[in-house]
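So you can see what is in the structure, the chains are spelled out below.
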Amino acid sequence: MTTTEARPDAPPVEHSARRISINPRQSGIYVAFALIVVLFEVLTGGALLEPQNISNIIVQNSYVLILAIGMILVIISGHIDLSAGSVVAMTGAVSAVLMVNWHLPWFLAVLVTLVVGAAIGAWQGYWVAYFGIPAFIVTLAGMLAFRALTLTVLGNQGIGPFPDAIRTLSNGFTDGYLGNIGLGPLGGADLVSLLAGVAAVAGIGFTQWRKRSARLGYGQDVDPFPVFLLKIAGVAVVVLALVVQLARFKNLPWVLILLAVLVLGYSLVAGKSVFGRHIYAVGGNLQAATLSGVKVKSVTFWIFVNMGVLAALAGIIFAGRLNQAGPTAGVNFELDAIAAAFIGGAAVQGGVGKVVGAITGGLIMAVINNGMSLIGAPSERVMLVKGVVLLAAVAYDIWTKRRAAS
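Residues numbered from 1 in each chain as written. Predicted model: local features only at pLDDT ≥ 70, side-chain atom pairs only at ≥ 80, totals over all residues. Heavy atoms only, no water.

**Notes on a positive patch on the surface**
Taken together, the side chains of R210, K211, R215, K272 and K354 make up a positively charged region of the molecular surface. Looking at where K272 falls in the secondary structure, it is placed in helix α10 (residues 254-272). (Patch = residues over 30% accessible without salt bridge, like charges linked within 9 Å, V, L, I, M, F, W, Y side chains within 5 Å. Areas by Shrake-Rupley, 256 points an atom, 1.4 Å probe, with all protein chains shown as cover. Salt bridge = Lys/Arg side-chain N within 4 Å of Asp/Glu carboxyl O. Lys, Arg positive; Asp, Glu negative; His and termini not counted. Charge placed at Lys NZ, Arg CZ, Asp CG, Glu CD. Helix = DSSP H or I, 4+ residues; strand = E, 2+ residues; numbered from the N terminus.)

**Quick notes on a nonpolar patch on the surface**
Residues W106, F107, L108, L111, V112 and V115 make up a contiguous nonpolar surface patch of roughly 560 Å² in combined accessible area. A relative accessible area of 53% means that F107 is categorised as exposed. (Buried < 20%, exposed > 50% of the residue type's maximum accessible area, 1.4 Å probe, protein only.)

**Describing the pattern of salt bridges**
Tallying each qualifying case throughout the model produces 2 salt bridges. Across the pair D164 and R167 runs a salt bridge whose closest N-O atoms are separated by 2.2 Å. Remark: R167 and D164 occur in helix α7 (residues 164-171); sequence separation between them is 3 residues, near one turn of the helix. The salt bridge partner of D336 is K386, with a shortest N-O separation of 3.7 Å. Here D336 is found in helix α14 (residues 333-343), whereas its partner K386 is found in helix α16 (residues 379-405), with 50 residues between them in sequence. K386 sits in the buried class, given a relative accessible area of 16%.

**Remarks on the side chain of S62**
Within the secondary structure, S62 is located in helix α3 (residues 62-76). Look past the residues within four positions of S62 in its chain and what remains in contact with it is V255, L259 and I317. (Contact = heavy atoms within 4.5 Å.)

**Concerning the packing of helix α4 (residues 84-101) against helix α6 (residues 135-154)**
Geometrically, a packed helix pair is captured by the angle between its two axes and the distance between the axes. Close contact between α4 and α6 brings their axes to 8 Å; oriented N to C, the two are set at 25°. Classified by the interaxial angle, the pair formed by α4 and α6 is roughly parallel. Between α4 and α6 the crossing geometry is left-handed. Between α4 and α6, the residues in contact are G85, S86, V87, A89, M90, A93 and V97 and G142, M143, F146, R147, L149, T150, V153 and L154, respectively. (Axes fitted to C-alpha atoms, helices over the stretch in contact; angles between N-to-C directions. Parallel < 35°, antiparallel > 145°, perpendicular 65-115°, else oblique. Left-handed = near helix turned anticlockwise from the far one by under 90°.)

**Considering the nonpolar core**
Burial of nonpolar side chains together is a common tendency in soluble globular proteins. In this structure, I66, L67, I69, I72 and I75 are the most contacted members of the largest nonpolar core, which totals 62 residues. Examining the composition of this core, we find that 13 residues originate from one element, α3, more than from any other. Beyond its immediate sequence surroundings of up to four residues, I66 is in contact with L258, L259, L262, L310, L313, A314 and I317. Of all hydrophobic cores here, the second largest spans 17 residues; its members include I36, A339, M372 and A377. (Core = buried A, V, L, I, M, F, W, Y, C linked by side-chain atoms within 4.5 Å.)

**Description of the environment of T328**
Structurally, T328 is set in the loop between α13 (296-322) and α14. Residue T328 is classed as exposed on the basis of its relative accessible area, which comes to 63%. Between the C-alpha atoms of T328 and T150, which are 178 residues apart in sequence, the distance is 8.8 Å.

**Observations regarding the environment of Y30**
Mapped onto the fold, Y30 is located in helix α1 (residues 24-43). Among the residues examined, Y30 registers a relative accessible area of 37% and is labelled partly exposed. Linking Y30 and G344, residues 314 residues apart in sequence, is a C-alpha distance of 8.7 Å. Those residues in contact with Y30 that lie beyond four places of it in its chain are V356, G357 and T360.

Dropping the structure here:
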């Protein structure tokens, strides 16, 4: 026998002599994000990383990040969704009619709106999964149809204002339950926000330590312990720096907490669950997935149902932020979500991508938008830069694939 298989009961052996290497395909997006942040921090004279501006970046782009979470799963499975922006507009209009015109309690209206989003996703998922129409065509038709329904519901006027709870979720911040704590030259910062940041860092460190221990238990290669600690320390510095800046302004945005829950939940689903492995299998090799017993049609159907639910959630957040549902809401949102997924490392052919990568890609687009706005760049130049970044990200992905194959 020419190969050996590691036994589960093999003693943990740390391969500390392993050459330290970096996977450019996985790490390139984070290096690029850091360079873009540094670039705009210099160009804006330090305004980019001011506490209020960081908060604005998160709040103003939250709905695109929510869409990106759903879109990355659609793209991993080998499909695309061009209707997301129109579904955002339509579900925002539905929530406005329920809360403002019909005076439904906000929590009941939110639940009904999410069900409407699921029904829209089920409608599109049926045609893609069970009827066999390409997702590009189905969602292109949906983009037109749901925009038309939005205009039918709203006409040429918006509906608002929204209840306080929805506005707080979209634009509000957590209360200073334990007051502020002094940070020397930085001034005061909300103690609860700081404790949340420390808890997040502890959770990340514990998760990575368990992952490393499991790999050691199976005799697999891992980074040397000093390198492992250095990586955790780097993540801790970034997370704590972000939390400190937010705590110095108006504490943590509620929408950031919502995003954190979504990212954690969907990362676990994509990386740890059977359904998540089936999504990667369907996008990686459809024929092999079918022969392996994966229920391809069911997986595809539920991916689009999930996309509809997240689009409805994004529609509520966006409408609440503007305090009204308008007929032009959601224009080009699907393009931003698709760009976030591809910039974040999703493969054009499917089968590759991570939720965290999609969020990073969305944040890159957000930083570009915000940074160029701060330096007074015209809108056409912003679109040009975003287009170049998207093209470069896809070209980089193809280049790394060819390099790995050779």
